[in-house]
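# Fold and contact review
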Amino acid sequence: MIIGIDDTDSKTAGMCTTYLGALVVERISALVQSTVPYLLRLNPNVRFKTRGNAAVAFDVVLDKREMEKVKQICCNLIEEFAVLSDPNTHPGIVFLTKEQAAGIRSRLEDFSFRAVRDFITIAEAKNFLRDCHIAHVGYKNGRGLIGALAAAGLVFNSLPDHTYELITYRKPENWGRKRFLVEKSVWAADSLSYPHTWDTVDYHNCRIVCSPHGPDPVLFGIRGDDVNAIEHASKIIQSEPIEKRLLYITNQGTDMHITDSSVAEAMDGRSYKIKGMVTEPPYAISGGHVIFTIKDPTGRIDCAAFEPTKNFRWLIKQLETGDIVTVYGSVKNNTVNIEKINIGQLSPRVTIRNPVCCACGKRMKSAGRGQGYRCKKCKTTSSIPEEIETLPQLAPGLYETPPVARRHLAKPLIRCNDWTLVHPSR
Ligand code: ATP
């Protein structure tokens, strides 16, 4: 059976769906055999999300006689730990047997992929569950059933790509207090495990990024491709006492949310890879955001490197009109929020200088705004500046936002195998 759970926490209270997942694993482990649990990130643009739009799922083998007991344990945990008092918390739990799933494989796959890339209504999720006689419990308006069913479906159909995250949790008496981690030990854990782990720290911006700041019970999470390296890194970190730790298989860092699109087909709230030509040089707007526009045969769209992307904005500022780029990111208010950019063909860079006097060979001076150039000595004039072609300061290839600004689903370039045209942020 696959158990999917979603929407148990709130922005203000100290909970997290992954923590509930850790409690489920603890309480049902005597009754079931289970594989590593799953942490699944769904569409990052969903308005109802608390933080990272996460759902959890468990692939368990159990004796039919234990089934009702396991269901009861899970529901009791939700009733005890979910923040049901929060008006935005609507938990959902789904119990999908493998026999049921096998008969609806492609319908499940379609639902799960749409949950990662698109929007689904509560009614659609409830109809699906009812039509297919899938056991479930929806609390309050049951919105969590969307994520719970999507998560179960992703596990049944196997993830096309996956990574791991080991999450450690704080003792309840410390929830809400400032987290204590020995900073040096976090940097050491990173340098001894990178590139098999990533996003523990952000080198360029001198920040620890593996530990959240909110009231939730997470102390830190180590992400990576290699379970041994992750374990090793987690043991190096010195911190306040850890209550629990759990390794999850996840779709984080896989770009599962991204699909190819033309400019005209791109819709708000979805994430795309769009190729186009830069139509004018990037410019900064108040707040430190850098904006430029691309066009393809179907239209034009603005692209933004927002302030939180920090040093990535300096790269974007070097783009010029005529550059061919492919931007990756989600569309909001008709603007692509760039997560990655592939710089393809670079247009020639042209620097403008005052022209040379044809009589004496010296550089002319400006004759005033809009009045061309003049040689003081020879009195010759010219209206045409000298244009010099220079080499672009940019190299073609893929660039990414730094770890401080990375979305959970965005694939870090350190995971890409083609090193010739990839420029990881570190
Ligand atoms: P946490 O990370 O702490 O678990 P969260 O950021 O995952 O919190 P939730 O509290 O789970 O946020 O809220 C997200 C809600 O959006 C859930 O009810 C989930 O079922 C729903 N949801 C997820 N994906 C979609 C989607 N593609 N379309 C519509 N609703 C979705």
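The structure presented is a predicted model; accordingly, all values stated were derived computationally and were not measured.

Another point: the nonpolar core. Counting residues in each nonpolar core, the largest one holds 51 residues, and the members touching the most others are L40, V94, L108, F111, F128, I134 and L149. Among the elements that make up this core, the one with the highest residue count is helix α6 (residues 144-157) (ten residues). Excluding residues that lie within four positions of it along the chain, L108 makes contacts with L96, A101, F128, L149, G153, F156 and N157. Core analysis: the second largest hydrophobic core is formed by 34 residues, I3, C74, L77 and F95 among them.

The feature "domain: TiaS FLD" (unreviewed entry), as given by UniProt, occupies residues 142-257 in the numbering adopted here. The span residues 142-257 is 30% helix and 26% strand, and its two end C-alpha atoms sit 24 Å from each other.

A separate point is the sheet that holds strand β22 (residues 373-374). If you trace the three strands from one edge of the open sheet to the other, you get β21-β22-β23, paired in antiparallel fashion. The open sheet terminates on both sides in strands that have one partner only, identified here as β21 (365-366) and β23 (381-382). Where β21 and β22 come together, two bridges link them in antiparallel fashion. Bridged to S366 within β22 is Y373.

In the vicinity of the ligand lie 22 residues, with D7, D9, T50, R51 and A54 positioned nearest. A distance of 2.5 Å separates an oxygen atom of the ligand from a polar backbone atom of A54. One of the backbone N or O atoms of G147 is found 2.9 Å from an oxygen atom in the ligand. With the chains in place, 98% of the 640 Å² that the ligand exposes on its own is no longer accessible. Looking at the shell around the ligand residue by residue, the class counts come to eight nonpolar, seven polar and seven charged.

Conventions and cut-offs
- Residues numbered from 1 in each chain as written.
- Predicted model: local features only at pLDDT ≥ 70, side-chain atom pairs only at ≥ 80, totals over all residues.
- Heavy atoms only, no water.
- Core = buried A, V, L, I, M, F, W, Y, C linked by side-chain atoms within 4.5 Å.
- Buried < 20%, exposed > 50% of the residue type's maximum accessible area, 1.4 Å probe, protein only.
- Helix = DSSP H or I, 4+ residues; strand = E, 2+ residues; numbered from the N terminus.
- Contact = heavy atoms within 4.5 Å.
- UniProt positions renumbered as here; feature names shortened; annotations may be inferred.
- Pairing = 2+ DSSP bridges.
- Near = heavy atom within 4 Å.
- Polar contact = N/O pair within 3.5 Å; in protein donor to acceptor, adjacent residues only side chain to side chain.
- Areas by Shrake-Rupley, 256 points an atom, 1.4 Å probe, with all protein chains shown as cover.
- Nonpolar A, V, L, I, M, F, W, Y, C, P; charged D, E, K, R; others polar.

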